[in-house]
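Notes for the structure review
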Amino acid sequence: MSRLVYVLNGPNLNLLGQREPHLYGAQTLADIQRACAALAGELKLDLRFHQSNREYELIDWIHEARGKAGGLAINPAALTHTSIALLDALNAFEGPVIEVHISNIHKREEFRQKSFVSKRADGVIAGCGAQGYELALRRLARLIDDKG
Ligand code: CA2
């Protein structure tokens, strides 16, 4: 199975570390990308890490991952709660999908407690801060290793 993995990030996550540290911590997305790259090296994963404020770009990356990536982790940000288009794109991806949220969406406003993406996700990590991305990569590596 391919050891290529995509880590995708949705709208406003480029602002991490600049505002709302009580919710999302002090790490920037660049810090998270560096940590993911280091861990991907250890796990022998080939990492593609992207962020966009545009729904269609996230969908295009999911399409790009089809047929070639062994797994995908996604923090869809606010699109989690609204986007059937993202769910449809993920449904067209064959490999394992892990949904990541830095905050615990279940502890927050009611509108954050519904996730369209969870209808497709094989695993969901929420409330583990930026470490959630590392946990997602470890889970994807395990699933890829188990499939052989
Ligand atoms: O907890 C998460 O990771 C979220 O996906 C983050 C989203 C939010 O809409 C989801 O409900 C939960 C928000 C990302 C925006 O991040 C910002 C970071 C700093 C300043 C402003 C926004």
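An account of the accompanying structure is given in this report. All of these numbers come straight from a predicted model, not from anything done at the bench.

**Quick look at the pairing of strand β3 (residues 71-75)**
Among the five residues in β3, five count as buried, and that is most of the element. The pairing of β3 with strand β4 (residues 97-101) spans three bridges and is parallel. Bridge pairing in β4 places Ile-74 opposite Glu-99. Handedness of the β-α-β unit built from β3, helix α4 (residues 84-91) and β4 comes out right-handed.

**Let's talk about the nonpolar core**
Of all hydrophobic cores here, the largest spans 26 residues; its most connected members are Ile-32, Leu-45, Leu-47, Tyr-133 and Leu-137. If you list the elements that add at least two residues to this core, you get β1 (4-9), α2 (29-43), β2 (46-51), β4 and α5 (131-147). Apart from residues lying up to four places away in sequence, Leu-45 is in contact with Arg-3, Val-5, Ala-40, Leu-137, Ala-141 and Ile-144. Listed in part, the 18 residues of the second largest apolar core include Tyr-6, Trp-61, Leu-90 and Phe-93.

**Description of α5**
Each turn of an α-helix holds 3.6 residues, which means side chains three or four residues apart point in the same direction. The first and last C-alpha atoms of α5 sit 25 Å apart over 17 residues, in line with the 24 Å expected at 1.5 Å per residue. Of all the positions in α5, only Gly-132, Tyr-133, Ala-136, Leu-137, Leu-140, Ala-141 and Ile-144 are classed as buried. Lining the buried residues of α5 we find β1, α2, β2, β3, β4 and β5 (123-126).

**Details of the state of the cysteines**
Within the structure shown, the criterion is met by zero disulfides. No disulfide involves Cys-36; its sulfur sits 14 Å from the nearest other cysteine sulfur, which is in Cys-128. The exposure class assigned to Cys-36 is buried, which follows from its relative accessible area of 1%. Judged by its relative accessible area of 35%, Cys-128 is partly exposed.

**As for the site of the ligand**
Neighbouring the ligand are 17 residues, the closest being Asn-75, His-81, Ile-102, Ser-103 and Arg-112. Within the side chain of Asn-75, a nitrogen or oxygen atom sits 2.8 Å from an oxygen atom of the ligand. Within the side chain of Ser-103, a nitrogen or oxygen atom sits 2.6 Å from an oxygen atom of the ligand. Burial of the ligand by the protein amounts to 95% of the accessible area it has alone, namely 510 Å². Here the residues of the shell around the ligand sort into nine nonpolar, five polar and three charged.

**Digging into helix α3 (residues 55-65)**
Turning to α3, its buried residues number three or more, namely Leu-58, Ile-59, Trp-61, Ile-62 and Ala-65. Viewed end-on, α3 has its buried residues packed into an arc of 160 degrees, placing them on one side of the element. One or two positions beyond α3, positive phi appears at Gly-67, with a value near 75 degrees.

**Looking at the sheet that holds β2**
An order of β2-β1-β3-β4-β5 is seen for the five strands of this open sheet, with the pairing classed as parallel. A single partner strand is all that each edge strand has here, and the edge strands are β2 and β5. Pairwise comparison of adjacent strand axes, ignoring direction, gives a mean angle of 15 degrees for this sheet. Examined bridge by bridge, β1 and β2 share six bridges and lie parallel to one another. Bridging across to β2, Val-7 finds its partner in Phe-49. Along the sheet face, α3 touches β1, β2 and β3 and points at about 170 degrees away from the line of β1.

The rules we used
- Residues numbered from 1 in each chain as written.
- Predicted model: local features only at pLDDT ≥ 70, side-chain atom pairs only at ≥ 80, totals over all residues.
- Heavy atoms only, no water.
- Buried < 20%, exposed > 50% of the residue type's maximum accessible area, 1.4 Å probe, protein only.
- Helix = DSSP H or I, 4+ residues; strand = E, 2+ residues; numbered from the N terminus.
- Pairing = 2+ DSSP bridges.
- Right-handed = clockwise from strand over helix to strand, strands pointing away.
- Core = buried A, V, L, I, M, F, W, Y, C linked by side-chain atoms within 4.5 Å.
- Contact = heavy atoms within 4.5 Å.
- Expected span 1.5 Å × (residues − 1).
- Disulfide = S-S within 2.5 Å.
- Near = heavy atom within 4 Å.
- Polar contact = N/O pair within 3.5 Å; in protein donor to acceptor, adjacent residues only side chain to side chain.
- Areas by Shrake-Rupley, 256 points an atom, 1.4 Å probe, with all protein chains shown as cover.
- Nonpolar A, V, L, I, M, F, W, Y, C, P; charged D, E, K, R; others polar.
- Arc of directions from axis to C-beta.
- Axes fitted to C-alpha atoms, helices over the stretch in contact; angles between N-to-C directions.

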